[in-house]
Amino acid sequence: MTALNKVIATCSVRTAMASDEPKAKKLKLSEDEKTESPNKKAATELSPNLLFGMGNPLLDISAVVDKDFLDKYSLKPNDQILAEDKHKALFEELVKKFKVEYHAGGATQNSVKIAQWMIQEPHNVGTFFGCIGKDKFGEILKQKAEEAHVDAHYYEQDEERTGTCAACITGDNRSLVANLAAANCYKKEMHLDLEENWELVQKAKVYYIAGFFLTVSLESILKVAKHASEHNKLFCMNLSAPFICQFFKDNLMQVMPYIDVLFGNETEAAAFGKEQDFETKDIKEVARKAQVLPKVNSKRQRIVVFTQGKDETIMALGDKIETFPVLKIDPKDIVDTNGAGDAFVGGFLSGLVQEKPLDQCVRAAHYSANVIIRRAGCTFPEKPDFK
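Calculation criteria
Residues numbered from 1 in each chain as written. Predicted model: local features only at pLDDT ≥ 70, side-chain atom pairs only at ≥ 80, totals over all residues. Heavy atoms only, no water. Helix = DSSP H or I, 4+ residues; strand = E, 2+ residues; numbered from the N terminus. Buried < 20%, exposed > 50% of the residue type's maximum accessible area, 1.4 Å probe, protein only. Contact = heavy atoms within 4.5 Å. Areas by Shrake-Rupley, 256 points an atom, 1.4 Å probe, with all protein chains shown as cover. Core = buried A, V, L, I, M, F, W, Y, C linked by side-chain atoms within 4.5 Å. Salt bridge = Lys/Arg side-chain N within 4 Å of Asp/Glu carboxyl O. Arc of directions from axis to C-beta. Polar contact = N/O pair within 3.5 Å; in protein donor to acceptor, adjacent residues only side chain to side chain. pLDDT = per-residue confidence, 0-100. Right-handed = clockwise from strand over helix to strand, strands pointing away. Pairing = 2+ DSSP bridges.

Draft legend 1. Spotlight on the overall build of the protein. Looking only at helices and strands, the protein has 14 helices and 16 strands in total. Taking all 387 residues of the protein together, 60% fall into the buried category. Here the contacts in the protein between residues at least 6 apart in sequence split such that 77% fall between residues at least 24 apart. Total accessible area on the protein is roughly 16,500 Å²; 48% of this is exposed by carbon and sulfur atoms.

And the structure:
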């Protein structure tokens with residue numbers, strides 16, 4: 001895989017903003033649930049571990065640097081690359097030389113973190129699995145996940161160091177350097193298959209895995225996806241990047257029959273449509289065609305949600321295509337679009353876990369993304385201002 005491919009897998013960059021629409025369906029989360037009274041407050045029913053995520057955990061390390069630092073490591077002011085040998089010393093120098101901020105990162109973990117932030121109480125509604133190293137950065141990552149009230153259960157190994165993503169900030173630009181390292185080392189038989197871990201998977205009612213994890217452990221994804229399908233729970237996935245649709249097409253299509261909610265942005269949707277020979281560049285048509293691809297669990301119709309940056313968000317469900325306009329935002333209020341796509345998904349997941357109607361899930365998704373693009377990195381205030 002090329003450097004660009006790998007780095008996108010860790011520092012997802014997608015743009016979505018905020019919306020304000022109504023009308024859509026309410027979803028049953030599992031086979032043993034009956035229709036709830038519309039006046040019943042779903043929040044009172046929430047309990048730990050209802051949302052499960054699995055992916056590539058990274059410790060995001062952000063710092064304002066100078067041009068000399070960029071030049072030393074041959075970095076461009078606004079770029080994304082995978083760490084090479086010449087970048088090995090970058091991470092330590094960044095920590096020693098500059099004032100850094102640490103955040104629990106990686107696409108799936110970001111989304112679970114945002115969902116938990118939107119939900120607030122109870123804590124640990126979100127569970128996260130992924131692989132880290134037995135090192136200082138791994139300890140910081142565990143601490144940051146705990147601070148975000150996410151119930152992270154990492155597979156810890158000592159062969160590779162904890163994955164990191166350095167965000168070197170100069171002015172309005174961010175040069176991202178990712179080192180997947182331990183994130184690539186997740187082992188199903190060493191972690192997911194353990195009884196105490198699988199029990200956490202079974203407790204969940206909504207599952208989310210970013211497409212990037214298809215490059216790491218297809219067998220783990222399939223085990224979780226099949227469990228969700230067999231028990232009529234919600235399994236959600238993200239196209240994540242064009243290269244996933246292109247170079248990991250076979251892996252993606254093995255999981256596709258189990259996907260209840262498919263996310264992506266317009267670039268990823270276009271790449272998916274091309275690889276699937278949909279013979280259209282119309283994103284609405286791509287959504288429609290993706291929605292009717294073969295599906296194992298016939299009790300649920302697939303939902304396809306494609307964001308288009310500042311343009312309307314598209315949702316395909318059954319024979320209907322709905323669009324959700326975004327709220328306008330002054331360009332000068334946009335600080336950083338890094339992580340906005342992950343935030344969109346996190347907001348949507350928070351709605352799904354609370355069994356909100358789909359239009360409310362989109363509203364929550366757009367709100368979350370809108371908050372994130374006004375701040376540096378995938379960060380947020382203490383509490384959401386969302387009603």
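Additional details are given in the paragraphs that follow.
Draft legend 2. Spatial organisation of the nonpolar core. Ranked by internal contacts, the top residues of the largest apolar core, which has 82 residues, are Phe235, Phe272, Phe348 and Leu352. Ignoring any residue separated from it by four or fewer positions in sequence, one finds Phe272 in contact with Leu239, Cys245, Leu252, Met253, Met256, Phe278, Val286, Ala290 and Leu293.

Draft legend 3. Representation of the pattern of salt bridges in the model. Using the criterion set out here, one finds 18 salt bridges in the structure. A salt bridge links Glu147 to Lys144; the nearest nitrogen and oxygen atoms lie 3.3 Å apart. Placement of both Glu147 and Lys144 in helix α5 (residues 136-147) is noted, with a separation of three residues, approximately one turn of the helix. On the basis of relative accessibility, which here comes to 24%, the residue Lys144 falls in the partly exposed class.

Draft legend 4. Broad picture of helix α12 (residues 283-291). If you check which residues of α12 are buried, you get Ile283, Val286, Ala287, Ala290 and Gln291. One side of α12 carries all its buried residues, which in axial view fall inside an arc of 135°. As for α12, its buried residues are in contact with β12 (261-265), α11 (266-275), β13 (303-308) and β14 (311-317). The distance from a side-chain oxygen at the start of α12 to the backbone nitrogen of Lys284 is 2.8 Å, and the residue carrying that oxygen is Asp282.

Draft legend 5. Main features of the confidence of the model for the protein. In the predicted model, the protein carries a mean pLDDT of 87, and 88% of its residues have values of at least 70. Low pLDDT (under 50) marks residues 1-24, which in the prediction has 104 contacts with non-local residues, meaning those over four places away or in another chain. pLDDT under 50 marks residues 32-44. Its contacts with residues more than four places away, or in other chains, come to eleven contacts.

Draft legend 6. Looking closely at the pairing of strand β10 (residues 206-210). A large share of β10 lies buried, amounting to five of its five residues. Here β10 shows a buried face lined by Val206, Tyr208 and Ala210 and a second buried face lined by Tyr207 and Ile209. Once the chain exits β10 it traverses helix α8 (residues 218-230) before rejoining the sheet at strand β11 (residues 234-238), and the crossover so formed is right-handed.

Draft legend 7. Just the pairing of β13, in detail. Among the six residues that make up β13, six are buried, leaving the element largely enclosed by the rest of the structure. Burial of the side chains of β13 extends over both faces: Ile303, Val305 and Thr307 are buried on one face and Val304, Phe306 and Gln308 on the other. Direction of pairing for β12 relative to β13: parallel, over a ladder of five bridges. When the sheet's bridge partners are listed, Leu262 is paired in β13 with Val304. Looking at chain direction, β13 and β14 are connected through five bridges and run antiparallel. Bridge pairing in β14 places Gln308 opposite Asp311. The turn joining β13 and β14, which pair antiparallel and follow one another in sequence, is formed by two residues; a positive phi near 60° is taken by Gly309.

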